[in-house]
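The residues making up each chain are set out below.
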Amino acid sequence: MDLKLDHHTEDRLTIVEVEGEIDVYTAPRLRELLIDLVNKGNFHLLVNMEKVDFLDSTGLGVLVGGLKRVRAHDGSLELVCTQERILKIFRITGLTKVFGIYASVEEAKEAHGRDK
């Protein structure tokens, strides 16, 4: 399975669409995209993981690394995820306390709007 990545910006929030598997083979592509976005001044990122089929520890590391990068600029990296098998990984690792995790892009955008 390949990894499809896309992104667009809406009202200072950059939405990263991720589809496929985030694993040791594909995670470097996501890492490169997150680094590129931060280097271009996008410090508020929302990663939509609704179409992610698999996430391993390498993928988690990329997301944590992205979070550290945006926080260095007083930014945020939040997630959209409702898939129980993916959410379970965040719960087991304690990362539900670190990432804002939303049920939809709309919910995340509303929360982001309130936090401005």
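Source: prediction; values computed, not measured.

Attention now goes to the environment of G66. With respect to the helices and strands, G66 occurs in helix α2 (residues 57-71). It is 22 Å that separates the C-alpha atoms of G66 and E110, two residues lying 44 residues apart in sequence. Every residue in contact with G66, bar those within four places of it in the chain, is listed here: L34 and L77.

Once that is clear, we can look at the confidence of the model for the chain. For the chain, per-residue confidence averages 95 on the pLDDT scale, and 97% of positions sit at 70 or higher. Ranking the elements of the chain by mean pLDDT puts helix α4 (residues 105-115) last with 85 and helix α1 (residues 27-39) first with 98.

This model, assessed by the stated rule, comprises one aromatic pair. Consider the rings of F90 and F99, whose centres lie 5.9 Å apart with planes at 80 degrees: the pair is edge-to-face. Classification of F90 by relative accessible area gives buried; the value is 0%.

Take the pattern of salt bridges next. This model, assessed by the stated rule, comprises five salt bridges. Across the pair K40 and D36 runs a salt bridge whose closest N-O atoms are separated by 3.2 Å. A salt bridge links R91 to E84, with the nearest nitrogen and oxygen atoms 2.6 Å apart. What makes E84 partly exposed here is its relative accessible area of 46%. Overlapping salt bridges, with partners in common, bring together E10, E106 and K109 in one network.

What counts and how
Residues numbered from 1 in each chain as written. Predicted model: local features only at pLDDT ≥ 70, side-chain atom pairs only at ≥ 80, totals over all residues. Heavy atoms only, no water. Helix = DSSP H or I, 4+ residues; strand = E, 2+ residues; numbered from the N terminus. Contact = heavy atoms within 4.5 Å. pLDDT = per-residue confidence, 0-100. Phe/Tyr/Trp six-rings, centres within 6.5 Å; stacked < 30°, edge-to-face > 60°. Buried < 20%, exposed > 50% of the residue type's maximum accessible area, 1.4 Å probe, protein only. Salt bridge = Lys/Arg side-chain N within 4 Å of Asp/Glu carboxyl O.

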